Amino acid sequence: MATETTTFDKQSHLHAVMCFLAGPSIEKIVSIHPYRKPKPKAPKKQTTTSTSSNPIQNAKPTLTCVEETNYGFGKVETEFDMTLAMLANAVKTQEIGCNDGFDMKINNQRFVGYPKTWKVRGGCTNYQILIIFSLKQGCDQHTAAAYQTLSNKIAVSMVMLQNYFGFLEREDKWADIADGKDFPLQEFAKLSFLVQPLIDIYDEVRQRGNIHKYQINFVELGFCDEAHALTRLHVVPKGRQDIDEIVSKIKPYHGILLLEDVWPTPDANPVVAKLLSHCSPDRSILDMSTASGIPVFEVFMIVRHLLQWTRAILIYPLCDTNIYTSATSPQPLDNSRMAEKFADQFGSKLHLAAGLAHFNPPKTLDTFVRNNLSLHEQGVRAKLVVALLRHQMLMQLHQFFYIIKPYSNAVLPKPHQKCPEDFEKIISSSVLSRDVQGIVALICADMLDNDAYGAVKRKLTLFVKVAPMMNGNYHLEDINYIHNLDRAEIEGVFKSFSLVIATFRRPDFVAE
């Protein structure tokens, strides 16, 4: 768990959070977290110049200016090759630019925020509060806009607290006190009620990608950096880089499920409209390509577009043998909005919790949509599965395989004849471990008592062929696709050699 959190933390675009406060007493950046010391600068190289006997020739014109006298917060050096005073002057916004998104790039560092105005209670002068997020390089516009939204929410909550009991007035006075100290950032953090909530927000966004908390135990604050939060939940993310990584893992046997009614505008690419007309939950990408006549590569590009703009999710095409189980973590059952959507589609006869209960414990699709039910009822149940998949409250379990030696109390086969030499050569030249090879030979010899020689050799050849993939990393669909095998035939092979095969089921996180 710690490794997963560390990896996710490294993937986060958030680099630092700062607060710029302009009030009656101060107009500076009063908080920065985490504070990283600036990198030591290389000493300037001294250049030797030839001297001349004429002093006029040695004189160089210089520009003189009055150096700004920084003190307190302003003199603090930052990792951005600027003091806090210089950074504050850069991010300070004119009043006409407040209440709008702020986006600035300085020295290859991106700063985003949403400046808000506030007033002293009983006063008429507008002051400014700005929560600034420093984002890493490579951050896309969608993520930057998300952090602007978070900055706006935090600033709105602080202005609300100011209107109730003078929150920002008090912070302004404490910042003025800390400004006269040797270590103003540390002194202000001891007095302020503003710094710790920003630290908590930074830590939660870096670790989890989402926030749900109360500012000063009073104002509710919610936010989600969707690209990283969904990555952690193993749901298709929205980041362009993550989408490209997911698309590179998509196979033609995957399918897509549209999250809403997606239909292009009249001036859109007609190929997209053609593909959408052939899009169905029970069709794979290859099926859609075949039905529409669109090349598979072009279908992949359209699928990438739909995933990036969250118009679809990746699934495996609906099939009678698919095994589904409930997965309510992305959408909790107490979500009244989700329950209302469910009731609008299925009426009051079927509750959301009752629909999920059908798949706990896991159940195959054909045992849920039973053939002995009326066609209307079968249609309702199929729509129920699609609705739960669309809202990610249902996930498919795939079967993975290991080759292991049987338990000591396992009943081994007792064949009437010895395993043929050519079978033993196939077994000995395979990747099977030595303690498994002998048992596989016994299984083959036992099958020869009832099956033809050619049929047993075919099963053994297929088993040895797929053995390198039976390490818990490939599920049945992967094995079928990579080796171009018939599903029923390979399932028969696994059944014949079940004595040395251990199976387990889990989601395929590329799709789920």
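Please read these numbers as outputs of a predicted model, since none were measured by experiment.

Calculation notes
Per chain, residue numbering runs from 1 following the sequence as it is written. In keeping with the predicted nature of the model, local features appear solely for residues at pLDDT of at least 70, side-chain atom pairs appear and are counted solely at 80 or more, and the whole-chain, interface and lining totals rest on all residues. As a convention, hydrogens and water are excluded, and side-chain values are obtained from all of the structure's heavy atoms. Here a strand is any run of E in DSSP of at least two residues, a helix any run of H or I of at least four, and the numbering for each starts at the N terminus. Partly exposed describes any residue whose relative accessible area lies between the buried limit of under 20% and the exposed limit of over 50%, with all areas from a 1.4 Å probe on protein chains only and scaled to the type maximum. Contact definition: two residues touch when any of their heavy atoms are within 4.5 Å. Only the protein chains shown count as cover for residues, and the accessible areas themselves come from Shrake-Rupley with a 1.4 Å probe. Salt bridge, as used here: a side-chain nitrogen of Lys or Arg that lies within 4 Å of a carboxyl oxygen of Asp or Glu. Strand pairing is assigned whenever DSSP detects at least two bridges linking the two strands. Centres within 6.5 Å are what make two rings of Phe, Tyr or Trp a pair, Trp counting through its six-membered ring; a difference in plane orientation under 30 degrees is then read as stacked, over 60 as edge-to-face, and the rest as tilted. By the criterion adopted, a ring carries a charge over it if an Arg CZ or a Lys NZ lies within 6 Å of its centre and within 35 degrees of its normal. A helix is expected to span 1.5 Å for every residue after the first. Residues forming no salt bridge and having over 30% relative accessible area are the ones grouped into patches, like charges within 9 Å of each other and nonpolar side chains (Val, Leu, Ile, Met, Phe, Trp, Tyr) within 5 Å. Angles shown run from 0 to 180 degrees and are taken between the N-to-C directions of axes, each axis being a line fitted to C-alpha atoms and, for helices, limited to the stretch in contact. Angles below 35 degrees are treated as roughly parallel, those above 145 as roughly antiparallel, those between 65 and 115 as roughly perpendicular, and all remaining angles as oblique. Whether a crossing is left-handed or right-handed is set by the direction in which the near helix is turned from the far one by less than a right angle, anticlockwise for left-handed and clockwise for right-handed. Amino acids outside the nonpolar list (Ala, Val, Leu, Ile, Met, Phe, Trp, Tyr, Cys, Pro) and the charged list (Asp, Glu, Lys, Arg) are all regarded as polar, and Gly is one of them. By the criterion applied in these results, polar contacts are pairs of N or O atoms within 3.5 Å in which, for protein atoms, one can donate a hydrogen and the other can accept it, and in which residues neighboring in sequence qualify only through two side-chain atoms. Per-residue confidence from the predictor is reported as pLDDT, which spans 0 to 100.

Section: the overall build of the protein
Working step 1: Looking only at helices and strands, the protein features 21 helices and 15 strands.
Working step 2: A total of 512 residues make up the protein; the buried ones form 44% of that total.
Working step 3: Pairs at least 24 residues apart make up 67% of the contacts formed inside the protein by residues separated by at least 6 positions.
Working step 4: Here the protein has roughly 28300 Å² of accessible surface; of this, 52% comes from carbon and sulfur atoms.

Let's talk about the pattern of salt bridges
Working step 1: As enumerated under the stated definition, the model contains 10 salt bridges in all.
Working step 2: The partner of Arg 110 in a salt bridge is Asp 103, and the shortest N-O contact between them spans 2.8 Å.
Working step 3: Among the residues examined, Arg 110 registers a relative accessible area of 17% and is labelled buried.
Working step 4: A network of salt bridges, in which partner residues are shared, links Glu 477, Arg 487 and Glu 491.

Concerning the pairing of strand 13 (residues 394-403)
Working step 1: Bridging between strand 11 (residues 323-326) and strand 13 involves four bridges; their strand directions are antiparallel. Following the sheet pairing, Thr 325 is matched in strand 13 by Met 395.
Working step 2: Across six bridges, the pairing between strand 13 and strand 15 (residues 501-506) is antiparallel. Note that in strand 15 the partner of Phe 401 across the bridge is Thr 503.
Working step 3: Across two bridges, the pairing between strand 13 and strand 14 (residues 471-475) is antiparallel. Its bridge partner being in strand 14, Phe 400 is matched across the sheet by His 475.

A look at the packing of aromatic side chains
Working step 1: One pass over the full model with this rule turns up 13 aromatic pairs.
Working step 2: Seen from their ring centres, Trp 174 and Phe 193 are 6.0 Å apart, and the 40° between their planes marks the pair as tilted. Remark: Phe 193 occurs in the loop between helix 6 (184-191) and helix 7 (195-207) and Trp 174 occurs in helix 5 (residues 167-178); sequence separation between them is 19 residues.
Working step 3: Exposure remark for Phe 193: the relative accessible area of 43% places this residue in the partly exposed category.
Working step 4: The ring of Phe 368 carries Arg 381 above its face, with NZ or CZ at 4.9 Å from the centroid.
Working step 5: Taking the ring centre of Phe 400 as reference, the NZ or CZ of Arg 506 above it sits at 4.1 Å.

Some words on helix 18 (residues 434-447)
Working step 1: Here helix 18 is 14 residues long and its end C-alpha atoms lie 20 Å apart, about the 20 Å a rise of 1.5 Å per residue gives.
Working step 2: Burial in helix 18 covers these residues: Val 436, Gln 437, Ile 439, Val 440, Ala 441, Ile 443, Cys 444, Ala 445 and Met 447.

Some points on the side chain of Ser 284
Working step 1: The topology assignment puts Ser 284 in the loop between helix 10 (270-277) and helix 11 (285-292).
Working step 2: Those residues in contact with Ser 284, other than ones at most four positions away along the chain, are Pro 252, Tyr 253, His 254, Gly 255 and Pro 317.

What about a nonpolar patch on the surface?
Working step 1: On the surface, a nonpolar cluster with roughly 360 Å² of combined accessible area is contributed by Val 156, Met 160, Tyr 164 and Phe 165.
Working step 2: For Met 160, the position within the fold is in helix 4 (residues 141-165).
Working step 3: On the basis of relative accessibility, which here comes to 34%, the residue Met 160 falls in the partly exposed class.

Some words on the packing of helix 4 against helix 7
The angle between the axes and the distance between the axes are what describe a pair of packed helices.
Working step 1: For the pair helix 4 and helix 7, interaxial distance at closest approach is 13 Å and the crossing angle is 155°. Viewed along their axes, helix 4 and helix 7 adopt a mutual orientation that is roughly antiparallel. Handedness of the helix 4/helix 7 crossing: right-handed. Between helix 4, through Tyr 147, Leu 150, Ile 154 and Met 158, and helix 7, the contact on the second element is made entirely by Leu 198, Ile 201 and Val 205.
Working step 2: Residues that form the contact of helix 4 with helix 7 fall into these classes: seven nonpolar, no polar and no charged.

Describing the environment of Gln 148
Working step 1: Residue position: Gln 148 is located in helix 4.
Working step 2: In this structure, the C-alpha to C-alpha distance between Gln 148 and Phe 102, residues 46 residues apart in sequence, is 7.2 Å.
Working step 3: Excluding anything up to four places from it in sequence, Gln 148 contacts Gly 101, Phe 102, Asp 103, Val 112, Gly 113 and Tyr 114.
Working step 4: One polar contact links the side chain of Gln 148 to the main-chain carbonyl oxygen of Phe 102, over a distance of 3.0 Å.

Description of the side chain of Thr 83
Working step 1: Relative to the helices and strands, Thr 83 resides in the loop between helix 2 (55-58) and helix 3 (84-91).
Working step 2: Looking at Thr 83, its side chain comes within polar contact range of the main-chain oxygen of Gly 74, at 3.5 Å.

Here's the deal with helix 19 (residues 453-466)
Working step 1: Here helix 19 contains 14 residues, and its C-alpha end-to-end distance of 20 Å stays within 8% of the 20 Å for a straight helix at 1.5 Å per residue.
Working step 2: In this fold, the buried residues of helix 19 make contact with strand 13, helix 17 (421-428), helix 18, helix 20 (476-483), helix 21 (487-496) and strand 15.

Quick look at the confidence of the model for the protein
Working step 1: Across the protein, the average pLDDT comes to 79, with 81% of residues at 70 or higher.
Working step 2: Here helix 2 is the element of the protein with the lowest mean pLDDT, 44, and helix 19 is the one with the highest, 93.
Working step 3: Scored below 50 in pLDDT, residues 1-8 makes 11 contacts in the model with residues more than four places away or belonging to other chains.

Quick word on unusual backbone geometry
Working step 1: Cis rather than trans, the peptide bond between His 33 and Pro 34 has omega equal to -10°.
Working step 2: With respect to the element layout, Pro 34 can be found in the loop between strand 2 (27-33) and helix 2.
Working step 3: The phi angle at Asp 81 is positive, at roughly 60°, despite the residue not being glycine.
Working step 4: With respect to the helices and strands, Asp 81 occurs in the loop between helix 2 and helix 3.
Working step 5: Judged by relative accessible area, Asp 81 falls into the exposed class, the value being 52%.
Working step 6: A positive phi is found at Asn 99, a non-glycine position, where the angle reads about 60°.
Working step 7: With a relative accessible area of 40%, Asn 99 lands in the partly exposed category.

Remarks on the packing of helix 4 against helix 5
Working step 1: Helix 5 packs onto helix 4 with a crossing angle of 95° between their chain directions and a minimal axis gap of 6 Å. Put simply, helix 4 runs roughly perpendicular to helix 5. Of helix 5, the residues touching helix 4 (which contributes Met 158, Val 159, Leu 161, Gln 162 and Phe 165) are Phe 167, Leu 168, Glu 169 and Arg 170.
Working step 2: Taken together, the residues of the contact of helix 4 with helix 5 sort by class into six nonpolar, one polar and two charged.

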